[in-house]
Amino acid sequence: MILTKNIKIRSAEQVISNAISYCQREGASIAVWRRPEERNIHFIVDFSAEMRPMAHPLESKIPGFVFSPFDTDNHGYLIRGDLHFDLEGNLSDDLPNYSLTGKKDDFLNYINSNRQNTYPAGVIKVSTDDTAEAAFKNLVKRSVDAIQKGQLQKVVPSRKQEITFEQPLNVGINFIRLAEAYPTAFVSLVFIPQTGLWLGATPELLISVRDNIFKTVALAGTQKYKEGTPLNNVAWTQKEIEEQALVSRYIINCFKKIRLREFDEAGPKTVVAGNLLHLKTEFKVDMVATNFPDLGDTMLKLLHPTSAICGMPLEPAKKFLKEHEAYDRGYFSGYLGPTNINNATELYVNLRCMHIEDSKATLFSGAGVTEDSHPDKEWQETEIKMNTLLNIIQ
Ligand SMILES: C=C(O[C@@H]1C=C(C(=O)O)C=C[C@H]1O)C(=O)O
């Protein structure tokens, strides 16, 4: 595949691994992503070494890729598109940092070289911390107690899990493995010096704006998916139906806050997300007909963190998690995605993801808790969510 006149793309795995190792070496920032239902893989590179946190990355209208944490007290980053290309051979080099033009050629030469070994990571060890299970179940119990006392309606406690590799994980190979295993996921690999390296395959859209149409979804309720099961035979419990309905209600409340009354609502319906099933309602708004030209930015500020990953009402749920969760989620359940690229913005909730550091990685998952939740079931749910990555990476 021809990228520019003299540069040929080698295997996608190799190019991805090389691009990441170049950015790690040079202190540059990069995002690699594959949109749901597409085959093409996009890259955006920001060669500037000083990445500054940004409170509202969509406001700038700069083409780039947003990477934001869960905690709204901490700001996210915008990887500006010095260089944006895809594996179908499209290249745009707007280079807002003109002084760095030389780096562009250096980078393109490097990613097409035969540098990275294509070894798999070998044996992956999942750390068996006996206290983790008891601690999480206890957290679920405290969540149910808080709900029963009337402090909350829903909360989404989460946990982390460390894994170690015999050799550093080959990110190129594993990105492609995830992309092939999960065609409906948004698959991403992000490196920013300040955030480190993150790999994920999320099923959850936060907001999208394309052709003046705004979209968001309410995704919640989880069960294991057995391949071949017809989706219209899938049954959901009252607990799961209510849990998902709360997320829809949260979105409708956000529309109400800005007096937006005209929106399409479709669902809930059962959807497949890799090894799991969820309930999903889709919301759509015509931004021209409703005269909300900045709806993407406005809704992003109102929606995140949604009750799919935090809880309801929002402030007590945030406070509960800060007090009880006992770890920093970092970029897990934050949001990420391309902004103002090809006239579209598409942000996803950073789920089914892991933070990779040398020969170890940290996986994350959470589970929506309502009054009827059982600690054992919620523990199982976090296990199967982590398997989204664990079943695929090697
Ligand atoms: C919190 C996660 O997933 C979220 C919680 C869900 C649930 O509680 O059923 C389902 C989908 C996601 O909105 C996760 O994957 O870690």
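To be clear, the structure that these remarks concern was listed above.
Residues numbered from 1 in each chain as written. Predicted model: local features only at pLDDT ≥ 70, side-chain atom pairs only at ≥ 80, totals over all residues. Heavy atoms only, no water.

Q: I tried to follow the packing of helix α5 (residues 238–257) against helix α6 (residues 295–303) on my own but got confused; where do I start?
A: Remark: α5 packs on α6, axes separated minimally by 10 Å, with the N-to-C direction vectors making an angle of 125°. When the axes of α5 and α6 are compared, the pair comes out oblique. Classified by chirality, the crossing of α6 by α5 is right-handed. For the pair formed by α5 and α6, the contact residues are Tyr250, Ile251, Cys254, Phe255 and Lys257 on the first element and Met299, Leu302 and Leu303 on the second. Its residues assigned to classes, the contact of α5 with α6 shows 7 nonpolar, no polar and 1 charged. (Axes fitted to C-alpha atoms, helices over the stretch in contact; angles between N-to-C directions. Helix = DSSP H or I, 4+ residues; strand = E, 2+ residues; numbered from the N terminus. Parallel < 35°, antiparallel > 145°, perpendicular 65-115°, else oblique. Left-handed = near helix turned anticlockwise from the far one by under 90°. Contact = heavy atoms within 4.5 Å. Nonpolar A, V, L, I, M, F, W, Y, C, P; charged D, E, K, R; others polar.)

Q: Honestly, the environment of Arg80 in this entry has me stumped. Any pointers?
A: On the secondary structure map, Arg80 appears in strand β6 (residues 77–80). Sequence-wise, Arg80 and Glu371 are 291 residues apart; in three dimensions their C-alpha atoms are separated by 44 Å.

Q: I would appreciate a short explanation of unusual backbone geometry in the present structure.
A: Glycine aside, the phi torsion of most residues is negative, and most peptide linkages are trans. Omega for the bond connecting Gly267 with Pro268 falls within 30 degrees of zero, at 5°, which places this linkage in the cis form. With omega at -10°, the peptide bond leading from Met312 into Pro313 counts as cis. As for its position among the elements, Pro313 is in the loop between β18 (311–312) and α7 (314–324). In the Ramachandran plot, Asp211 falls in the positive-phi region, its phi being about 50° despite a non-glycine side chain. Summarising the element assignment, Asp211 is placed in the loop between β14 (205–210) and β15 (213–224).

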